[in-house]
Each structure stands twice: as structure tokens, then as C-alpha cells.
Amino acid sequence: MRQSNGYILTFTAIMTIAVGGILAAANQLLMPAQKKSIELDTKTQILKAVMTINPGDDVLKLYDQRISSLVVDIKGEEVTSNAKGEKLEAEAVDVAKEYKKEYKERLFPVFRFMDENDPTKVDAYIVPVYGAGLWDKIWGFVAINNDLKTITGVSFAHKGETPGLGARISEADIQSRYVGKSMYDENDRFVSIVMKKGEIGGGGEGSIAAFSSDTNHVDGMSGATLTANGVNSMLKKYLDYYQKYFNKVK
Amino acid sequence: MSTETLVQEKKEVKTEAWFSKRRKRFITDPLNEDNPITVQVLGICSALAITIKMEPTLIMSIAVVFVVVFSNLIISLIRNLIPNRVRIIVQLAVIATLVTLVSELLKAYNYEMYKVLGAFVGLIITNCIVMGRLEAFAMGNKPYDSMLDGLGSGLGYAWIILTVAFFRELFGSGSVFGFEVFKAIGIENMPNNSLMVDSIGAFMVLGIIIWIQRSKTGYVEH
């Protein structure tokens with residue numbers, strides 16, 4: 001009996017339905033909690049570009065108070081509705097999906113970090129960046145001061161960079177090197193911020209000090225030049241995409 | 001009162017104790033003499049990949065213990081119904097369901113760890129320890145015994161990867177569970193060994209553990 005084809009077919013059919021049912025139910029039940037964690041994660045990353053987030057901080061509340069977001073296109077024009085005519089929210093724009101489109105077609109979210117006391121004054125513009133590292137995708141957010149030149153802070157994340165080498169881009173040690181740098185040279189030409197090869201400062205304060213007089217370069221990561229190249233090209237491309245918008249609000 | 005105790009005593013005489021000598025061995029054997037990683041050399045892949053830091057390793061351990069215990073239980077419960085010709089597929093379906101549940105739960109309640117562990121939670125499906133126990137034990141034993149067997153194998157896997165992670169995080173990042181040990185005991189300039197952060201570090205720590213263990217138990221491969 002247990003070996004007959006009929007029995008096997010019935011058994012597998014029942015099993016498939018049971019397993020599928022359990023997983024579908026679990027997915028439905030956990031969906032709200034998952035959406036919330038993803039939202040919290042994105043908003044934490046956005047805010048991390050401009051401030052330190054301590055464990056226990058109410059990120060969602062902070063975000064609602066300080067961030068006012070919009071979406072622009074490559075020409076710097078604000079886009080308010082998507083192809084279907086629905087209202088477009090900057091938080092809902094998936095930068096990874098946009099990355100697959102031709103850059104002229106992409107949507108570019110801008111998260112404006114408003115002043116604590118004057119809610120009409122913009123303190124910093126936070127823009128997402130996205131690109132390829134050595135092994136896999138890298139992404140992050142760059143906060144630009146309201147002079148639209150100076151970097152207030154960056155937050156980078158990665159999917160599969162080498163731990164201890166390229167993976168250091170997600171550490172504060174590397175990210176703090178970008179603070180105060182400018183994306184323009186002395187002649188006001190856009191040059192982005194370039195991470196150098198090698199680590200002459202030796203990490204920490206030393207690395208910041210070694211490049212203190214050079215506003216367009218930061219110290220590199222020893223043994224992770226290829227990841228650094230990825231970061232450089234990601235910054236250059238994305239900061240360039242936003243130039244039209246920056247010129248408009250300047 | 002007196003009748004109650006009497007009934008209980010009778011039961012104990014009839015059935016085997018919850019933790020009889022034979023059952024205790026289900027748990028203690030895989031911890032040392034029959035360890036899934038160091039003796040059977042199973043589940044090495046994840047032992048190398050996720051042991052850079054203690055916290056993800058702990059989450060991974062809990063996930064593997066959960067999966068191996070409950071897949072053993074489920075398979076043991078339906079072992080007399082499973083058609084022999086598709087038993088491997090049935091085992092895989094049970095494991096995959098449990099692993100997907102773990103992954104979904106992590107995504108909902110510990111997104112931070114979900115991002116760190118990434119594909120490795122999904123890869124528990126291919127962890128030979130889990131399927132090995134189903135095929136070798138749960139298909140032929142009673143549910144409770146199978147659960148104990150799963151718990152033993154799971155813990156045997158867990159303590160090894162936690163030990164590996166302890167040394168890798170300590171020497172690779174200078175911390176344990178993110179707590180900076182060397183700074184706390186006054187050694188400010190302890191250099192980090194990047195070899196430990198690499199998979200090579202895991203091989204070395206694992207090799208040393210196997211060496212110590214085998215010199216103690218006298219286990220020799222034939």
C-alpha cells in the first residue's frame with residue numbers, strides 16, 4: 001500500500017498543500033512586522049547620515065519630525081506621481097530597482113533634514129547612492145550641508161564585501177573621513193570625493209588628519225582598493241545625477 | 001495524594017524514564033565523541049561562514065537547534081506514513097518549511113541579524129547535520145527520542161561554532177559580543193588579526209579544536 005503510486009501521489013499532494021498553507025499563513029501574519037522593520041531600517045540609515053543614532057532612540061518619531069522628502073528626476077524637476085498616476089512617496093522609491101533603469105529614466109529621492117527650531121529651513125540634503133562594490137552591491141546615503149557643497153555625513157552599507165577589508169565601509173571609522181569634505185574643487189567644478197589607494201593615516205584620527213587640508217580626497221582602506229573604487233564611482237555618479245536639482249535649490 | 005503518587009510510580013515502572021541513561025546518551029554523544037562538526041565533519045560550510053562574530057553565531061545556533069529538533073520530531077511522527085521512495089523529498093520539504101519560518105521570523109523581529117546572516121539561514125536547508133539526523137535517526141525512532149537526538153546534534157554543532165566564533169571575534173575584532181575585551185582590561189593597542197576575520201582563521205581554530213578533542217578521546221580515522 002505505502003509503495004503504490006496512488007499513495008505516493010496522494011501523500012505528496014497533501015504534504016504540498018499543508019506546507020504551502022503553513023508558509024502562506026506565516027507570511028501573511030508576519031508581513032506587518034516585516035514591513036515595519038524594513039521601514040525602521042531604511043529610516044535609521046537615512047538619519048545616520050546626519051546624526052548618531054543610539055539604541056533605544058525613537059527613530060520613526062525623529063524621522064517624522066525632521067525629514068521632509070520629495071522625488072526628483074534627472075533634470076532636477078520634482079516628480080509627484082508615478083506612471084500609474086498614484087502619489088509618489090520618496091520612502092517608497094526602491095533605489096535598487098531604479099538602478100536597473102537607464103539613468104535618465106530613474107527617480108531620485110531627496111530627504112531634506114529640516115532645522116530643529118525652524119521647520120521651513122533645510123539643514124541638510126540627504127540623497128541615496130547605489131553601486132557595485134567588489135563582490136556585490138553597495139549602497140548608502142550622503143548628507144550634504146545646506147551650502148550644497150560640504151558633506152555633513154555619509155552612511156554606507158554593503159551586501160558581500162570582504163569582512164575586515166572592504167566591509168569596513170559600513171564602519172564609523174571610514175564614514176567619518178567624509179565629514180567636511182567638498183564635492184567641488186577650488187574652481188567650483190564638480191569633482192566628487194575620491195577615496196585614495198592605501199591607508200597612509202593608518203586609520204582613525206590619523207587618517208582624518210592626513211587629509212585635513214585636501215577637501216576632495218579621503219584616506220583609503222588598506223587592502224580594499226577595489227571596494228574603494230566602487231565607492232568612488234558610486235559617489236561620483238549619484239552626486240552628479242543630483243547636480244541639476246542642487247543648482248535649482250542653490 | 002497517596003493514590004496520585006502511586007499512579008505515577010506505576011507509570012515509571014512501565015515506561016522508560018524521561019532521562020534514562022540511554023536517552024542521556026542521545027544528547028551527550030554528539031557533544032563530544034560523535035560531534036557533527038569535529039568528528040562527522042558535517043556542516044563545515046556554515047561553521048566557517050558565520051563565525052566571524054558571536055551574535056550572529058548565537059542566532060544561527062538557535063536556528064539550527066530549532067530546525068533539527070522540530071524536523072526530527074515531525075519526521076518521527078509521520079515516519080510510518082512516509083512512502084519510502086519519496087522520503088528524501090519529504091524530509092527536505094519539512095526542513096525547508098522550518099527554515100523558511102525561521103527566516104521570516106528573523107526578518108520580522110530582528111532585521112539587523114536577518115541582514116547579517118542573509119543567505120546562511122536559508123542554507124540551513126543544505127546543512128547535512130539536519131538531513132543526516134532525519135535519515136539516520138528520526139525515520140526509525142519514536143518522537144521523543146528523536147527530539148532528544150536532534151537536541152544533542154544541534155547543541156553539538158552550537159558549542160563548536162560558538163567556540164570558533166569566540167576566538168575569531170576576540171582576536172579578529174578584539175571583542176566578544178561587541179564588548180571590547182582588550183580595552184576593558186587595559187590593553188589599548190592590541191592589534192587585530194585580519195586572518196581571523198577571514199575563513200582561514202575559522203579553519204585554524206577548528207583544526208586546533210579537533211586536535212585537542214582527538215588527543216583526548218583517542219579517536220582515529222580509519
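See above for the structure.
Keep in mind it's a predicted model, so treat the numbers as computed, not measured.

Visitor: Whenever I open this one, the overall build of chain B confuses me. Can you help?
Guide: On a plain count of helices and strands, chain B comes out with 12 helices and two strands. Written out in order from the N terminus, the α and β elements of chain B read α-α-α-α-α-α-α-α-α-β-β-α-α-α. The principal-axis extents of the C-alpha atoms in chain B amount to approximately 65 × 45 × 40 Å. By the burial criterion, 42% of the 222 residues in chain B qualify as buried. Put simply, 75% of the contacts in chain B that link residues at least 6 apart link residues at least 24 apart.

Visitor: Would you mind showing me how to read the interface of chain B and chain A here?
Guide: The extent of an interface is frequently quoted as the accessible surface area lost upon association of the parts. Each partner contributes residues to the interface: chain B has 25 residues there, and chain A has 24 residues. Both faces considered, chain B and chain A share a buried interface measuring about 2,100 Å² in area, 65% of it formed by carbon and sulfur atoms. Inspection of the chain B/chain A interface yields one salt bridge. Across the pair Asp41 of chain A and Lys115 of chain B runs a salt bridge, and its minimum N-O distance is 2.9 Å. Where chain B packs against chain A, one counts seven residue pairs in polar contact (both at pLDDT 80 or more). Taken together, the elements giving at least two residues each to the side of chain B that touches chain A come down to helix H5 (87–109) and helix H6 (111–117) of chain B.

Visitor: How should I be thinking about the pairing of strand S5 (residues 151–158) of chain A in this particular structure?
Guide: Moving residue by residue along a regular strand, the side chains alternate between the two faces of the sheet. All names here are of chain A. Most of S5 sits inside the fold, with six of its eight residues counted as buried. In this sheet, S5 lies alongside strand S4 (residues 137–145) in antiparallel orientation, the contact comprising seven bridges. Bridging from a neighbouring strand, Val142 pairs with Val154 of S5. Between the antiparallel neighbours S4 and S5 lie five residues, among them Leu148 with a positive phi of about 60°.

Visitor: Is there a simple way to think about the packing of aromatic side chains in this case?
Guide: Two numbers describe a pair of aromatic rings. These are the distance of the centres and the angle of the planes. The final tally for this structure, using the stated rule, is 18 aromatic pairs over all chains. Here Tyr111 of chain B and Tyr114 of chain B contribute two aromatic rings whose centre-to-centre distance is 5.8 Å and whose plane-to-plane angle is 25°, an arrangement assigned as stacked. Residue Tyr111 of chain B and its partner Tyr114 of chain B are both found in helix H6; the two are separated by three residues, about one turn of the helix. Looking at Tyr111 of chain B, the relative accessible area reads 17%, which means it is buried. Here the aromatic residues Tyr103, Phe108, Tyr125, Tyr238, Tyr241, Tyr242, Tyr245 and Phe246 of chain A are joined through ring pairs into a cluster of three or more.

Visitor: Mind showing me how you'd approach the packing of helix H8 (residues 128–138) of chain B against helix H9 (residues 143–173) of chain B here?
Guide: Packed helices, taken two at a time, are described by their axes: the angle between them and the distance between them. All names here are of chain B. In the contact formed by H8 and H9, the axes pass within 11 Å of each other and the chain directions differ by 150°. Here H8 is positioned roughly antiparallel relative to H9, judged by the angle of their axes. Taken as a pair, H8 and H9 cross one another with a handedness that is right-handed. Residues Ile129, Arg133, Phe137 and Ala138 of H8 form the contact with H9, whose own contacting residues are Asp145, Ser146, Asp149, Ser153 and Tyr157. A class-by-class count of the residues in the contact of H8 with H9 yields four nonpolar, two polar and three charged.

Visitor: Where do I start with the environment of Lys183 of chain B in this structure?
Guide: With respect to the helices and strands, Lys183 of chain B occurs in helix H10 (residues 181–184). Sequence spacing of Lys183 of chain B and Phe137 of chain B is 46 residues, and the spatial spacing of their C-alpha atoms is 47 Å.

Visitor: Where do I start with helix H2 (residues 21–31) of chain B in this structure?
Guide: In an α-helix, one turn spans 3.6 residues; hence positions three or four apart end up facing the same way. Residues and elements named next belong to chain B. All of the buried residues along H2 are Arg23, Phe26, Ile27 and Pro30. Viewed along the axis of H2, the buried residues span an arc of 85°, placing them on a single side of the element. Summarising the contacts, the buried residues of H2 are in contact with H8 and H9.

Visitor: Would you mind showing me how to read the pairing of strand S3 (residues 122–132) of chain A here?
Guide: All names here are of chain A. Extensive coverage of S3 is indicated by the burial of nine of its 11 residues. Two elements, strand S2 (residues 108–114) and S3, share four bridges in a ladder whose sense is antiparallel. Its bridge partner being in S3, Phe111 is matched across the sheet by Ile126. With nine bridges joining them, S3 and S4 adopt antiparallel strand pairing. Within the sheet, the bridge partner assigned to Tyr130 lies in S4 and is Trp139. Turn length for the S3-S4 hairpin, with the two strands adjacent in sequence and antiparallel, is four residues.

Visitor: I tried to follow the environment of Phe19 of chain B on my own but got confused; where do I start?
Guide: Residue and element names in this part refer to chain B. One can find Phe19 in the loop between helix H1 (2–14) and H2. Sequence separation of Phe19 and Arg87 is 68 residues, and the distance between their C-alpha atoms is 30 Å. Contacts of Phe19, omitting those with residues within four sequence positions, involve Lys24, Tyr144 and Leu148.

Reading the values: the criteria
Residues numbered from 1 in each chain as written. Chains lettered and ligands numbered in written order. Predicted model: local features only at pLDDT ≥ 70, side-chain atom pairs only at ≥ 80, totals over all residues. Heavy atoms only, no water. Helix = DSSP H or I, 4+ residues; strand = E, 2+ residues; numbered from the N terminus. Buried < 20%, exposed > 50% of the residue type's maximum accessible area, 1.4 Å probe, protein only. Contact = heavy atoms within 4.5 Å. Buried area = accessible area lost by both parts, 1.4 Å probe. Salt bridge = Lys/Arg side-chain N within 4 Å of Asp/Glu carboxyl O. Polar contact = N/O pair within 3.5 Å; in protein donor to acceptor, adjacent residues only side chain to side chain. Pairing = 2+ DSSP bridges. Phe/Tyr/Trp six-rings, centres within 6.5 Å; stacked < 30°, edge-to-face > 60°. Axes fitted to C-alpha atoms, helices over the stretch in contact; angles between N-to-C directions. Parallel < 35°, antiparallel > 145°, perpendicular 65-115°, else oblique. Left-handed = near helix turned anticlockwise from the far one by under 90°. Nonpolar A, V, L, I, M, F, W, Y, C, P; charged D, E, K, R; others polar. Arc of directions from axis to C-beta.

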